[in-house]
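Working through the structure, step by step
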Amino acid sequence: MSTLPALGLLALGLALLVAGGELLVRGAVRLAAAYGVPPLVVGLTVVAFGTSAPELMVSVAAVRSGAGDLALGNVLGSNVFNTLFILGASALVAPLVVSRRVVRVEVPVMIAISALALGLAADGRLGVLDGSLLIAVVVAYTAWLLRSARTDDGSETSADGDHGRGSWYHAPLIALAGLALLVVGARQLVAGATSLALSLGVGEDVVGLTIVAAGTSLPEVAASLVATARGHRDVAVGNVLGSNVFNLTAILGTATVAGGGMTVATGLLTFDFVVMLAAAVACLPIVYTGHRIARWEGALFLAYYTAYVAYLVLDATGHAGLEHMWESVLFFALPLTGLTLVALAAHAAWRGPSNRSPA
């Protein structure tokens, strides 16, 4: 495919993503109002599970064709992308103010499930029982979310007053239409980006590690950015956290059971799993300090995602600069970031909860 048709696919895909994100967020907010459910819970369930549909299809298809590494890599890469890229980009659009529930419950749950998945894979294999346990976890988690939603104090309301109740079926139809546009738009954008990259001489391995890997997370990108721009920041944050939980439980569990188990490659276990868990843990001190993700913290997340992708590309191409980059990140960037986050958390704790930003 020449450059011009590829650019056309890119433009079409982007337009569909924006339209789909707008409809999905609008439908989700109306759904929350119509059924009396906090927008955060809708973001954690309806929006998160819906935008994770591409990861589910890719992972199940991969494991059934014997490509277990692709299925597991898709889940781990999507979680890293969700945390570092989507939260980072959303915070650059507007600082993300998070509720106390996110700090006290949702982020710790995401960290715990990330650690659980790593623990189950530590022996180098995910069996059918492991997959069944992950599925049971997401069922219990979703049931708990929906049950607790009715007892919420109602503090997590929409920012722009879009609470029209309308017909009981109107909001779900809008959300479903938006989700359909997101899936189609993501496919068109990935197809255009892949064709454009190949026409410019970029290798297929690099395209697979970057464009295709991020492609299944494009619905989450569109939904979170649109939600942030419209002021529904609880939906944006809930989408990321819920997608990560859904990826590690429903998607990884279903793919594992469908494939009768899968072997976990050493590289995925010792690097990608660790990066995913580290990214999840990094959310806790950031959202704890003032209950918000500031623009500079979003920029930090984006910088780390850039470094992660650069590492993957250098590793795939056997570049000589890989060792130097790894040493720079391991011995300089990570310790500096850790010290900064610890200092911020200590400062926030010293100031006391009365001086922090409200939920």
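Residues numbered from 1 in each chain as written. Predicted model: local features only at pLDDT ≥ 70, side-chain atom pairs only at ≥ 80, totals over all residues. Heavy atoms only, no water.

**Points about the nonpolar core**
- By size, the foremost hydrophobic cluster in this structure holds 94 residues, and its most contacted members are L72, F273, Y305 and Y308.
- Looking at this core, the element that brings in the most residues is helix α11 (residues 266-288), giving 13 residues.
- Residue contacts for Y308: discarding those within four places in its chain leaves G77, V80, F271, D272 and V275. (Core = buried A, V, L, I, M, F, W, Y, C linked by side-chain atoms within 4.5 Å. Buried < 20%, exposed > 50% of the residue type's maximum accessible area, 1.4 Å probe, protein only. Helix = DSSP H or I, 4+ residues; strand = E, 2+ residues; numbered from the N terminus. Contact = heavy atoms within 4.5 Å.)

**Looking at the confidence of the model for the chain**
- Of all residues in the chain, 78% have pLDDT values of 70 or greater, and the mean over the chain is 78.
- Here helix α8 (residues 204-215) stands out as the element of the chain with the lowest mean pLDDT, 60, in contrast to strand β2 (residues 125-126), whose mean of 92 is the highest.
- For the stretch residues 153-166, pLDDT sits under 50, and the model shows 24 contacts to residues farther than four places along the chain or on other chains.
- Taken as a whole, residues 353-359 scores under 50 in pLDDT and shows twelve contacts with residues more than four places along the chain or in a different chain. (pLDDT = per-residue confidence, 0-100.)

**Observations regarding the environment of P38**
- Locating P38 in the fold gives a position in the loop between α1 (3-35) and α2 (39-51).
- Put simply, P38 and V235 are 197 residues apart on the chain and 9.3 Å apart in space, counted from C-alpha to C-alpha.

**Quick notes on the packing of helix α5 (residues 100-121) against α11**
- Between α5 and α11, the least distance of the axes is 10 Å, while the angle of their chain directions is 165°. As far as their axial angle goes, α11 and α5 are roughly antiparallel. For the crossing formed where α5 meets α11, the hand is left-handed. Across the interface between the two elements, V103, V107, P108, M110, I111, S114, A115, A117, L118 and A121 of α5 pack against L269, F273, M276, L277, A280, V281, C283, L284, V287 and Y288 of α11.
- Tallied by class, residues from the contact of α5 with α11 come to 19 nonpolar, one polar and no charged. (Axes fitted to C-alpha atoms, helices over the stretch in contact; angles between N-to-C directions. Parallel < 35°, antiparallel > 145°, perpendicular 65-115°, else oblique. Left-handed = near helix turned anticlockwise from the far one by under 90°. Nonpolar A, V, L, I, M, F, W, Y, C, P; charged D, E, K, R; others polar.)

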